[in-house]
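Below are the chains, spelled out letter by letter.
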Amino acid sequence: MGLRITSWNVNGIRNPFGYQPWREKKTFDAMFEILEADIVVMQETKIQRKDLQDDMVLVPGWDVFFSLPRHKKGYAGVAIYTRNSACAPIRAEEGIVGVLCPPNSTTSFRDLPEDQQIGGYPRPGQLQLGGNIDEATLDSEGRCVILEFPAFVLIGTYSPANRDESRDDFRLGYMEALEIRVRNLVAMGKRVIVTGDLNVVRDVMDTANLYERLRKEGMTAADFFSAPSRHVFNQLLFEGNVVGPRDEERENPVLWDLGRLFHPTREGMFTCWDTKKNTRPGNFGSRIDYVLCTDDMKNWFIDSNIQEGLMGSDHCPVFATLDDTVQIDEKAVYLKDIMNPTGVFEDGKRLREWSTKDLLPLSAKLIPEFDRRRNIKDMFFKKPAIKENSAALQQEESTAQTKPLEKQAAPGASGTVDPTPPSSIKSALSPVKSSSRTLKRTPSSSTSSNNPPKKAKGGTGKDPPSKGQSSLMGFFKPKTTENEIKKPPENQPSTGGLDGTTETESNSSTNENKAPNPDIDEDGNVFDPIQAKESWSKLLGKRIVPRCEHGEDCISLVTKKSGMNRGRSFFICSRPLGPSGEKETGTQWRCGTFIWSSEWKPANPN
């Protein structure tokens, strides 16, 4: 099977649980089993330290490392889960430049002793940041977790998106920091895997209908790919789409795009879609989630792909699978031997089990709220071992109870058996039932005689409570007088009640002669239930919406774009956009229907 690394921008760590197949169990270990992953890298967890809960941290059989935003709430966040039975890191860090500190320490990662560092930190003067961005700012948003295994260094990251110009300096600064860290690690002789949502399109085939969109914006493909972040990213990749000459110290690529390595010409291999425009059914999206690796380990992988059929976010999971055995210096090595600390595996066989001694300081299981605790579900589902003494005692009790039954069941001199056991045996067979009877509290006569019954509010105690309105028809039917209610109809049979009272049976033929017709009021107007139903339907019925070119009901949306129309609602076709990303005529995708709600006047159905 190998070892699978899965990356997924979940758009909220609990967001997938609202979709199939995750909503069935709503647990992280069940999610990871469906993903068939051994390392899961999540982006956009959108939680803070105070939001961590047992089911996120105390996942049975898994360890987890978080990088959470320091200031912004519900923003960014990265988590890496590792399966204890398959791998265990030897070092763990938070942040891309190494300025943050390990838990319970005031020394930054890059200032730790060399044997405790992962390494590759930007050297002084190597990272040039623009604007008001500094290294501490880059690592303050919870965008990177780095784990080191004996085999390689794993960088799980969430790169900033291109939202507006105010974030251009931060976006470019983060991409350059990532590129410098990778190149420095490679220069140290370490293998590197980079995975996550990088928010960068690397080539034309990695986004839908690029040329048409660029034509509308008056741009060329060269202009698009020469943007600073794309230019830096493509220089990092083998076979990258580099426009113009390479920058100094970026002459040589160092990473392979595993998705394209296994699917070099596949079109429509998108990992992100616009949920507001509902573009996923038509596959109008982009590929911005990657699994990248250095050149010296690209032959270790046996598969890499996307899982576009798994719902739960505006992104889909992407994965890459490592082989069980890999080649190092022309020698076959079991992968598990180099995915765990020394002495855990040898020749692919486990020498000792994973224990809490293998936890690293950055592990979320060492956070004070979760340290030395079990998942709350384990307390209910894992049964405690029964002591031998208590088991023997229960056996003696059961034997003592069955002996009288055996005597009772033995045939006597007459050859007959009494089918009803004595009361003593009955009580022995059901001790819980008998004990519960003795605990029941019986009302005392003195208490009931001293406390008179409470009177109903607003009543005299003599009149029975009036019957509530049973249906909406009560508004339209005239009320009957009190005399008509009290006067019993003639020749009506009666039946004796169980408590000696008299119950009357209704006779429709007699009532018609005695009571007035409820369908005719005092003025002689006839009540028509169909007309009443239609009048209520006009008030409370379903809103009439326009139909699109497909003859289907439109959906109503609200304009959020700034401008004079902000806040106005409108109707459009309910179907998703097609592969072109535009409204189409005469196809199965969204048509060009557009109607402002204020201008829509439904026709009179009459």
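Residues numbered from 1 in each chain as written. Predicted model: local features only at pLDDT ≥ 70, side-chain atom pairs only at ≥ 80, totals over all residues. Heavy atoms only, no water.

1. Quick look at the nonpolar core
If you look at the biggest cluster of nonpolar residues, it comprises 45 residues, and the most contacted ones within it are Ile39 and Phe152. Ranked by residue count, the leading element in this core is strand S14 (residues 318-322), at three residues. Setting aside anything within four residues of it in sequence, one finds Phe152 in contact with Ile5, Leu147, Arg191, Val192, Ile193, Met297, Leu322 and Met339. (Core = buried A, V, L, I, M, F, W, Y, C linked by side-chain atoms within 4.5 Å. Buried < 20%, exposed > 50% of the residue type's maximum accessible area, 1.4 Å probe, protein only. Helix = DSSP H or I, 4+ residues; strand = E, 2+ residues; numbered from the N terminus. Contact = heavy atoms within 4.5 Å.)

2. Observations regarding helix H1 (residues 28-35)
Residues of H1 that are buried: Phe28, Ala30, Met31, Phe32 and Leu35. Downstream of H1 by one or two residues, Glu36 has phi in the positive range, about 55°.

3. A word on the pairing of strand S4 (residues 78-83)
With six of its six residues buried, S4 lies for the most part within the structure. In S4, alternate side chains face the same way, and those of Val78, Ile80 and Thr82 on one face and Ala79, Tyr81 and Arg83 on the other are all buried. Where strand S2 (residues 39-43) and S4 come together, five bridges link them in antiparallel fashion. Opposite Met42, over in S4, you have Ala79 as the bridge partner. Across six bridges, strand S3 (residues 62-67) lies against S4 in antiparallel orientation. (Pairing = 2+ DSSP bridges.)

4. A word on the sheet that holds strand S13 (residues 301-306)
With mixed pairing, six strands are arranged side by side in an open sheet as S3-S4-S2-S1-S14-S13. Each having just a single partner strand, S3 and S13 make up the two edges of the open sheet. Each strand of the sheet is rotated relative to its neighbour by a mean of 10°, with strand direction disregarded. Bridge count between strand S1 (residues 3-9) and S2: five bridges; the pairing is parallel. (Axes fitted to C-alpha atoms, helices over the stretch in contact; angles between N-to-C directions.)

5. A look at the packing of aromatic side chains
Counting across every chain of the model gives 14 aromatic pairs. Considering the side-chain rings of Trp8 and Trp22, the 5.5 Å spacing of their centres and the 50° angle between planes classify their relative orientation as tilted. In this pair, Trp8 is assigned in strand S1 and Trp22 in the loop between S1 and H1, connecting sequence segments 14 residues apart. Judged on exposure class, the residue Trp8 and its partner Trp22 are both buried. Where Phe32 meets Tyr81, the ring centres are 4.9 Å apart and the plane angle is 50°; that geometry is what we call tilted. Of this pair, Phe32 sits in helix H1 while Tyr81 sits in strand S4; the two residues are 49 residues apart in sequence, bridging distant segments of the chain. Owing to a relative accessible area of 0%, Tyr81 belongs among the buried residues under this scheme. (Phe/Tyr/Trp six-rings, centres within 6.5 Å; stacked < 30°, edge-to-face > 60°.)

6. Details of the sheet that holds strand S5 (residues 91-94)
Reading across the sheet, the six strands line up as S5-S6-S7-S8-S12-S9 and stay open at both edges, with mixed pairing between neighbours. Strands with a single pairing partner mark the edges of an open sheet, and in this sheet they are S5 and strand S9 (255-257). Across this sheet, the average inter-strand angle for adjacent strands is 20°, counted without regard to direction. In terms of strand pairing, strand S7 (residues 153-158) meets strand S8 (residues 192-197) through six bridges, oriented parallel. Bridge pairing in S8 links Ile155 to Val194.

7. Re unusual backbone geometry
That bond from Gln20 to Pro21 is cis: its omega, 0°, falls within 30 degrees of zero. Inspection of the secondary structure puts Pro21 in the loop between S1 and H1. For Asp329, which is not glycine, the phi torsion reads 55° and is therefore positive. Of note, Asp329 is situated in the loop between strand S15 (325-328) and strand S16 (331-334). Residue class for Asp329 comes out exposed when judged on its relative accessible area of 76%.

8. Let's talk about the side chain of Arg181
In this structure, Arg181 sits in helix H4 (residues 168-187). With a relative accessible area of 0%, Arg181 lands in the buried category. Engagement of the side chain of Arg181 in a polar contact is seen with the side chain of Glu93, the distance being 3.2 Å. Excluding anything up to four places from it in sequence, Arg181 contacts Glu93, Gly95, Ile96, Val97, Gly98, Ile118, Gly119, Gly120, Tyr121 and Ile146. (Polar contact = N/O pair within 3.5 Å; in protein donor to acceptor, adjacent residues only side chain to side chain.)

9. Some details on the confidence of the model for the protein chain
In this model, the protein chain carries an average pLDDT of 80, and 71% of its residues clear a pLDDT of 70 or more. Taken together, the stretch residues 402-449 has pLDDT below 50 and engages in 11 contacts with residues farther than four places along the chain or on a different chain. Contacts for the low-pLDDT stretch residues 483-514, under 50 throughout, to residues beyond four places or in other chains number 19 contacts. (pLDDT = per-residue confidence, 0-100.)

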